[in-house]
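Here's the letter readout for the chains.
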Amino acid sequence: MYPPPPPAPHRDFISVTLSLGESYDNSKSRRRRSCWRKWKQLSRLQRNVILFLMGFLILCGFLSYLQAADQWKALSSRPAEEQKMKPEIPPVLPAPQKERAKPEDVPDLVPQKRLRHFRRGPPHLQIRAPNTVSKDGTEGDAKEEETALGNAQQEENTQRTIISWRGAVIEPEQATELPSRRAEASTKPPFLAPRIFKESGPPNERQKGVIEAFLHAWKGYQKFAWGHDELKPVSKTFSEWFGLGLTLIDALDTMWILGLKEEFNEARNWVSKKLDFQKNVDVNLFESTIRILGGLLSTYHLSGDSLFLRKAEDFGKRLMPAFTTPSKIPYSDVNIGTGFAHSPQWTSDSTVAEVTSIQLEFRELSRLTGNKKFQEAVEEVTKHIHSLSGKKDGLVPMFINTNSGFFTHPGVFTVGARADSYYEYLLKQWIQGGKKETELMEDYVKAIEGIKTHLLRHSQPGKLTFVGELAHGRFSAKMDHLVCFLPGTLALGVHHGLPADHMDLAQALMETCYQMNRQMETGLSPEIAHFNMYPRADHKDVEVKPADRHNLLRPETVESLFYLYRVTGDRKYQDWGWEILQSFNKYTRVPSGGYSSINNVQNSQKPDPRDKMESFFVGETLKYLYLLFSDDLELLSLDTCVFNTEAHPLPIWAPA
């Protein structure tokens, strides 16, 4: 046995770590070095992704801060007097006779907390076959209106309401909430509409052709899209934009004018029982004003039925929050259920045509209700545009900022999309008001001279007169079909005493618009035409790019044909309109019911339907054709009514 080894000697020692210039900090520096090592261990792709996400979050936070700052600035800059508006104004016209129907008001709008924000454009609604709707006259209106009134009053008494204003929750203000029914009862003069429509004789053969076309369009709408915004005739279904029965409302006065009383009464029953504006949905201020508000006001004047005036007033009140901007230039969109108004998500601009083409309707609504806030809001816009710099000999840019109130994108001038109806409404407001507002007429005449100077050219080889566009001094030979409203507007001005040489231009442009249809294989105009300005072999005057050759069943050409015939009496304009109606029947008619816009006006063999019937086809196009073919020049006389830009006739105000 070997003896065990001796134990190791015991040694005491102390381990000391020296750190020059550093003190104990609970290892924070060590953790920092550890994080840095982990960062360096990441791949370049991983580091780039992390840096991108951090930058994106910082940018979003910065933009949110700017938006919140603008919102609070808008709130703080609102003048105190706007909050104290009282719905009190004497009627512009002498009060007509007392209204024959019930004088009670529509239910008050109860502002609600915003539930969720809808993007600009059509709401997402399920597309399905429409339910069967009762169409049995007008029974039950009184009971439903009383129930609605009771519900609104009960809700007002039991709920403390708030309004969401661009993300900030504030208490309701008088500028945006609806006055109570009792408060307005003493200021609203109830009366029957002055009649602007006199029954005409039996329709002639061409008018019967328009009636047949309307009934075919209406058959498709009744069968596949009843109560919805627009018919999709090829797929036999419907599409929604606002969810407010847009085609039905747009067509109400057309049915009355065409003498289709049975169809009118069915639609009236739907308006009475189904049309409800208390919906959490965004509507475009311009489109809903000219189609819905204009359609309801026009139908009230034609029929004398107070239901349409009550609906118009309710809807007009729901649009008013759009005007609560720092500049008083209205937002483009407003939620008619919550009162939340806003610009499109991508810009704070509105188009000039949109903010200056709602005046006829709001002014008339003030005249009928005695509530001056509608007229004041839109006339403030008109005065503001009148005083702005940035115009070019009366021509205006296409965009205006709702915050600053100034034109944006200066130097670009057109009479087409985004500017067209500005010029139209200058003249028509002057006519509507009894030709007293001379600044409107002067702005219109100056603008026509600006068009002659800067935008007018002649094509080759036919020397057609056309209106182009100007961008920063550079001329473009591009003309929207929308510009074809101009010949009719010029003729209307001459009818009301404006310079006679405007008629020469009107007739020349009317020929051009006719050729935009005639030179196409289908006989229908493209959405946009380009004109050949230089002599070239085998080239027509009108040239069309592939992206522009669609036709949306627009009314502008037949609208101007109507005015030119009324002013000149030349029957060639009736013949041109008849040709266009035949082309609609041949290339856009859908056998099962309805008419469809088409993709290619240059292919008569395959026009390629787009499967959509715009509401303005029954609201404008067919209405103007019917009036164009009328032997009675007093049918909606140009001396007693003025048509809004959606072809809804409103009365010219008589002298007090």
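- In the annotation of an unreviewed UniProt entry, the entry for the protein reads alpha-1,2-Mannosidase, and the organism field reads Mesocricetus auratus.
- Heading Cofactor (unreviewed entry) of the UniProt record for the protein holds this comment: "Ca(2+)".

1. A closer look at the overall build of the protein
Turning to step 1, where the next piece is worked out: Counting its regular elements, the protein contains 20 helices and 20 strands.
Turning to step 2, where the next piece is worked out: When the 656 residues of the protein are sorted by exposure, 56% land in the buried category.
Turning to step 3, where the next piece is worked out: Partitioning the contacts of the protein with sequence separation of at least 6, the portion at a separation of at least 24 is 73%.
Turning to step 4, where the next piece is worked out: Summing over all exposed atoms, the protein offers an accessible surface of approximately 30100 Å²; the carbon and sulfur share of this is 53%.

2. Quick notes on the packing of helix 9 (residues 285-303) against helix 10 (residues 306-319)
Turning to step 1, where the next piece is worked out: In contact at an axis separation of 8 Å, helix 9 and helix 10 are set at 155 degrees when each is read in the N-to-C sense. Looking at the two axes, helix 9 sits roughly antiparallel to helix 10. Between helix 9 and helix 10 the crossing geometry is left-handed. When helix 9 is examined against helix 10, the residues Leu285, Ser288, Thr289, Ile292, Leu293, Leu296, Leu297, Thr299, Tyr300 and Ser303 are found in contact with a partner set consisting of Ser306, Phe308, Leu309, Lys311, Ala312, Phe315, Gly316 and Leu319.

3. Brief notes about helix 8 (residues 261-274)
Turning to step 1, where the next piece is worked out: End to end, helix 8 covers 19 Å across 14 residues, agreeing with the expected 20 Å (1.5 Å per residue, within 8%).
Turning to step 2, where the next piece is worked out: Restricting attention to buried positions, one finds in helix 8 the residues Glu263, Phe264, Glu266, Ala267, Arg268, Asn269, Trp270, Val271 and Ser272.

4. Structural notes on the confidence of the model for the protein
Turning to step 1, where the next piece is worked out: Per-residue pLDDT for the protein averages 82, and the proportion of residues at 70 or more is 75%.
Turning to step 2, where the next piece is worked out: Across residues 16-26, confidence stays below pLDDT 50; counting only partners more than four residues off in sequence or on other chains, it has one contact.
Turning to step 3, where the next piece is worked out: Counting contacts from residues 142-193, a segment whose pLDDT is below 50, to residues more than four positions away or on other chains yields 126 contacts.

5. A few points about the state of the cysteines
Turning to step 1, where the next piece is worked out: Inspection of every chain in the model, using the stated rule, returns one disulfide.
Turning to step 2, where the next piece is worked out: Through a disulfide, Cys484 is tied to Cys513; the S-S separation comes to 2.1 Å. Taking the torsion about the S-S bond as the criterion, the Cys484 to Cys513 disulfide, at about -105 degrees, is left-handed. Of this pair, Cys484 sits in the loop between strand 16 (478-480) and helix 16 (486-495) while Cys513 sits in helix 17 (residues 501-518); the two residues are 29 residues apart in sequence, bridging distant segments of the chain.

6. Concerning the pattern of salt bridges
Turning to step 1, where the next piece is worked out: By the definition in use, this model includes 22 salt bridges.
Turning to step 2, where the next piece is worked out: A salt bridge links Arg268 to Asp305; the nearest nitrogen and oxygen atoms lie 2.8 Å apart. Separated by 37 residues along the polypeptide, Arg268 in helix 8 and Asp305 in the loop between helix 9 and helix 10 bring together distant segments of the chain. Here Arg268 and Asp305 have matching classes, each one buried.
Turning to step 3, where the next piece is worked out: Note that Arg367 is salt-bridged to Glu364, the shortest N-O span being 2.9 Å. Taken as a pair, Arg367 and Glu364 lie in helix 12 (residues 359-369) at a separation of three residues, close to a single helical turn.
Turning to step 4, where the next piece is worked out: Since its relative accessible area comes to 1%, Arg367 is described here as buried.
Turning to step 5, where the next piece is worked out: Here the salt bridges do not stand alone but share partners, grouping Glu230, Lys612 and Glu614 into one network.

7. Structural notes on the environment of Ala322
Turning to step 1, where the next piece is worked out: Relative to the helices and strands, Ala322 resides in the loop between helix 10 and strand 6 (333-335).
Turning to step 2, where the next piece is worked out: The buried category is assigned to Ala322, whose relative accessible area is 0%.
Turning to step 3, where the next piece is worked out: Not counting the four nearest positions on each side in its chain, Ala322 is found in contact with Leu285, Pro330, Tyr331, Val334 and Ala341.

8. Some remarks on unusual backbone geometry
Turning to step 1, where the next piece is worked out: Gln460 connects to Pro461 through a cis peptide bond whose omega is 0 degrees.
Turning to step 2, where the next piece is worked out: Along the chain, Pro461 falls in the loop between strand 12 (456-458) and strand 13 (465-467).
Turning to step 3, where the next piece is worked out: Backbone geometry at Lys236 places phi at a positive 60 degrees, although glycine is not the residue there.
Turning to step 4, where the next piece is worked out: Classification of Lys236 as partly exposed rests on a relative accessible area of 46%.

9. With respect to the side chain of Asp420
Turning to step 1, where the next piece is worked out: Looking at the element boundaries, Asp420 is found in helix 14 (residues 420-432).
Turning to step 2, where the next piece is worked out: There is no salt bridge for the buried Asp420, and the closest opposite charge comes from Arg554, which lies 7.1 Å off by N-O distance.
Turning to step 3, where the next piece is worked out: Asp420 has contacts with Ala353, Val415, Leu482 and Phe485, leaving out every residue within four places of it along the chain.

10. Brief notes about the sheet that holds strand 17 (residues 528-531)
Turning to step 1, where the next piece is worked out: Pairing is antiparallel across the open sheet formed by three strands, whose spatial order is 16-17-18. Each edge of the sheet is formed by a strand with only one pairing partner; in this case those strands are strand 16 and strand 18 (542-543).
Turning to step 2, where the next piece is worked out: Contacting strand 16, strand 17 and strand 18, helix 17 crosses the sheet at an angle of about 110 degrees to strand 17.

11. Considering the sheet that holds strand 10 (residues 407-408)
Turning to step 1, where the next piece is worked out: Read across the sheet, three strands follow the order 8-9-10 without closing on themselves; strand pairing throughout is antiparallel. Since the sheet does not close on itself, it has two edges, and those belong to strand 8 (349-351) and strand 10, each with one partner.

Calculation criteria
Residues numbered from 1 in each chain as written. Predicted model: local features only at pLDDT ≥ 70, side-chain atom pairs only at ≥ 80, totals over all residues. Heavy atoms only, no water. UniProt positions renumbered as here; feature names shortened; annotations may be inferred. Helix = DSSP H or I, 4+ residues; strand = E, 2+ residues; numbered from the N terminus. Buried < 20%, exposed > 50% of the residue type's maximum accessible area, 1.4 Å probe, protein only. Contact = heavy atoms within 4.5 Å. Areas by Shrake-Rupley, 256 points an atom, 1.4 Å probe, with all protein chains shown as cover. Axes fitted to C-alpha atoms, helices over the stretch in contact; angles between N-to-C directions. Parallel < 35°, antiparallel > 145°, perpendicular 65-115°, else oblique. Left-handed = near helix turned anticlockwise from the far one by under 90°. Expected span 1.5 Å × (residues − 1). pLDDT = per-residue confidence, 0-100. Disulfide = S-S within 2.5 Å. Salt bridge = Lys/Arg side-chain N within 4 Å of Asp/Glu carboxyl O. Lys, Arg positive; Asp, Glu negative; His and termini not counted. Pairing = 2+ DSSP bridges.

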